[in-house]
Amino acid sequence: PLVLGIETSCDETGVGVVRGHTLLADAIASSVDEHARFGGVVPEVASRAHLEAMTPTVDRALSEAGVTLADVDAIAVTAGPGLAGALLVGVAAAKAYALGLGKPLYGVNHLTAHVAVDQLEHGPLPKPCVALLVSGGHSSLLLVPDVASDVRPLGATVDDAAGEAFDKVARVLDLGFPGGPYIDRAAREGDPASISFPRGKYEDGTYDFSFSGLKTAVARWVESRERAGDPVPVADVAAAFQEAVVDVLTKKAIAACKDNDASHLLIGGGVAANSRLRALAQERCEAAGIRLRVPRPKLCTDNGAMVAALGAELVGAGLAPSALDLPADSSLPITDVLV
Ligand code: ATP
Ligand code: MG
Ligand code: FE
């Protein structure tokens, strides 16, 4: 099926077009520059930007894909989780397109879409696989018997999300927003072994994570340097912090694969763009005989193609579409693939 996917859960207006597992277009308009001076996404600003960007981004995606609205078989949209006002803009637009075209509407889970998107790059997902979902608002390990209908949480962060920790540490180091890419870049010049930061819940035998102690430890370390009038070795702090995060993420992800007899590990969400996470996961998966799948960085951060990919999966599975009065749900549970 030819599916148009619309994503507006945060600050990216994403519109993707896929045919089955083939990516045809991935158009994005971001309001990130408008939020940067506030050091975080301002919901009202994001909603207004989505409104302005929606129609042009849909048009751009269609022309990039070389198709017209009449060719589209189904509309998919992020129904949650995310910022309520931002989600509403996408859901309202998707309803209008679905109603106007007389095509089915699929309201999908943003987090599942972060997992489903890998199929555009590496083909059908093995059933089951383990997914490590690491993004700005979530950090979870999932057992995924079927990405269209069966997603089971194994564990999740008990406090901050991994991406949130990257963003907060970047602020402490006076790097830009969002912090993940800046830390990633700074860390390349640093020595990860130069400072030993705590690894929360490392040996607790669960699939849960904790990053708030790490974030506080980094802030204290930097403050004590500044108080003593010593220069802060930004690259070393970034590298040591990043190593602590990716060490615990990969350790628990591999344990989850082994315990669930999963031959494949998938990593998705914005933090999956991190170069050190990708490298260490590859190294540890090879050592454990597990196959690693990570989409290219542009498909890890928020985009419309991931929503279209999950929509195509649902159409292919023969699932009934959403009602046209589909609500946006800012706290949609990870187990609800389709609303
Ligand atoms: P959620 O998916 O939980 O609703 P979100 O949609 O806001 O949250 P994503 O776009 O999936 O989040 O991911 C954004 C997060 O990814 C940010 O916290 C950002 O700092 C982080 N990130 C992006 N690139 C990198 C990178 N190279 N290294 C580490 N973190 C990164
Ligand atoms: Mg974003
Ligand atoms: Fe996301």
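The rules behind the values
- Residues numbered from 1 in each chain as written.
- Chains lettered and ligands numbered in written order.
- Predicted model: local features only at pLDDT ≥ 70, side-chain atom pairs only at ≥ 80, totals over all residues.
- UniProt positions renumbered as here; feature names shortened; annotations may be inferred.
- Buried ≥ 20, exposed ≤ 12 C-beta atoms within 10 Å, placed from the backbone.
- Contact = placed C-beta atoms within 7 Å.
- Helix = DSSP H or I, 4+ residues; strand = E, 2+ residues; numbered from the N terminus.
- Pairing = 2+ DSSP bridges.
- Axes fitted to C-alpha atoms, helices over the stretch in contact; angles between N-to-C directions.
- Left-handed = near helix turned anticlockwise from the far one by under 90°.
- Nonpolar A, V, L, I, M, F, W, Y, C, P; charged D, E, K, R; others polar.
- Near = placed C-beta within 6 Å.
- Right-handed = clockwise from strand over helix to strand, strands pointing away.
- Expected span 1.5 Å × (residues − 1).
- Arc of directions from axis to C-beta.
- pLDDT = per-residue confidence, 0-100.

- The name given to the protein in an unreviewed UniProt entry is tRNA N6-adenosine threonylcarbamoyltransferase, with the source organism recorded as Actinoallomurus acaciae.
- Checking UniProt for the protein, the heading Catalytic activity (unreviewed entry) contains the comment "L-threonylcarbamoyladenylate + adenosine(37) in tRNA = N(6)-L-threonylcarbamoyladenosine(37) in tRNA + AMP + H(+)".
- Recorded in UniProt under Sequence similarities (unreviewed entry), the annotation for the protein is "Belongs to the KAE1 / TsaD family."

1. Structural notes on the UniProt feature "binding site: Fe cation" (unreviewed entry) in the protein
Part 1 of the reasoning: Per the UniProt record, the feature "binding site: Fe cation" (unreviewed entry) sits at His-110, His-114 and Asp-302. Spanning 193 residues, the named residues nonetheless gather at one spot, since no C-alpha pair among them exceeds 8.8 Å.
Part 2 of the reasoning: We classify His-114 as buried; it has 29 C-beta atoms within 10 Å.
Part 3 of the reasoning: For His-114, the contacting residues outside a window of four places in its chain are Leu-133, Ser-135, Gly-268, Gly-269 and Met-306.
Part 4 of the reasoning: Within the secondary structure, Asp-302 is located in the loop between helix H11 (297-300) and helix H12 (305-316).
Part 5 of the reasoning: You can call Asp-302 buried: it has 26 C-beta atoms within 10 Å.
Part 6 of the reasoning: If we skip the residues at most four places from it in the chain, Asp-302 touches Glu-7, Ser-9, Cys-10, Glu-12 and Gly-14.

2. Details of the sheet that holds strand S5 (residues 105-109)
Part 1 of the reasoning: With respect to topology, five strands assemble into an open sheet ordered S3-S2-S1-S4-S5, the strand pairing being mixed. At either end of the open sheet lies a strand with only one pairing partner, and these are strand S3 (22-30) and S5. With direction set aside, neighbouring strand axes in the sheet form an average angle of 20 degrees.
Part 2 of the reasoning: In the sheet, strand S2 (residues 12-19) pairs with S3 via eight bridges, with the strands oriented antiparallel. Looking across to S3, one finds that Gly-16 is bridged to Asp-26.

3. Looking at the packing of helix H9 (residues 234-259) against helix H10 (residues 275-288)
Part 1 of the reasoning: As a packed pair, H9 and H10 sit with axes 9 Å apart at the nearest point and diverge in direction by 35 degrees. For the element pair H9 and H10, the recorded crossing hand is right-handed. Two secondary-structure elements touch here, H9 through Gln-242, Glu-243, Val-246, Leu-249, Thr-250, Ile-254 and Lys-258 and H10 through Arg-276, Leu-277, Leu-280, Ala-281, Arg-284, Cys-285 and Ala-288.
Part 2 of the reasoning: For the contact of H9 with H10, the class distribution of residues is eight nonpolar, two polar and four charged.

4. Looking at the site of ligand 1
Part 1 of the reasoning: Of all residues adjacent to ligand 1, which total 23 residues, the nearest are Gly-136, Gly-137, Gly-163, Gly-180 and Gly-270.
Part 2 of the reasoning: Among the elements of the structure, helix H6 (162-172) and helix H7 (179-187) are those that each provide at least two residues to the shell around ligand 1.
Part 3 of the reasoning: A total of four residues in the shell around ligand 1 trace back to one element, the largest contributor, which is H7.
Part 4 of the reasoning: Looking at the shell around ligand 1 residue by residue, the classes come out as six nonpolar, 14 polar and three charged.

5. Some words on the pairing of strand S9 (residues 264-268)
Part 1 of the reasoning: Counting buried residues along S9, five of its five residues qualify, which places the element largely inside the surrounding structure.
Part 2 of the reasoning: Every second residue of S9 is oriented toward a common face, with His-264, Leu-266 and Gly-268 on one face and Leu-265 and Ile-267 on the other, all of them buried.
Part 3 of the reasoning: One crossover worth recording links S9 to the parallel strand S10 (residues 291-293) by way of H10, and it is right-handed.

6. Overview of the UniProt feature "binding site: substrate" (unreviewed entry) in the protein
Part 1 of the reasoning: Here the UniProt feature "binding site: substrate" (unreviewed entry) sits at Leu-133, Val-134, Ser-135, Gly-136, Gly-137, Asp-167, Gly-180, Asp-184 and Asn-274.
Part 2 of the reasoning: Tracing the backbone shows Ser-135 in the loop between strand S6 (129-134) and strand S7 (139-146).
Part 3 of the reasoning: Leave out the neighbours within four places in its chain, and Ser-135 touches His-114, Ala-161, Gly-163, Gly-269, Gly-270 and Val-271.
Part 4 of the reasoning: Structurally, Gly-180 is set in helix H7.
Part 5 of the reasoning: Not counting residues within four places of it along the chain, the set of residues in contact with Gly-180 comprises Gly-163, Phe-166, Asp-167, Gly-270, Val-271 and Asn-274.

7. A closer look at helix H8 (residues 212-227)
Each full turn of the α-helix corresponds to 3.6 residues, which orients residues three or four apart in the same direction.
Part 1 of the reasoning: Helix length check: H8, at 16 residues, gives a terminal C-alpha distance of 22 Å against a target of 22 Å (1.5 Å per residue), a fit within 8%.
Part 2 of the reasoning: Among the residues of H8, those classed as buried are Leu-214, Lys-215 and Val-218. Projected down its long axis, H8 shows its buried positions confined to an angular sector of 105 degrees, all on one face. Exposed side chains of H8 directed beyond 90 degrees from the buried face belong to Arg-220, Glu-223, Ser-224 and Arg-227.
Part 3 of the reasoning: In the stretch just after H8, Gly-229 is the one whose phi turns positive, near 75 degrees.

8. Here's the deal with the confidence of the model for the protein
Part 1 of the reasoning: On average, residues of the protein carry a pLDDT of 97, and 100% of them reach 70 or more.
Part 2 of the reasoning: The ipTM value of the predicted complex is 0.98, and its pTM value is 0.97.

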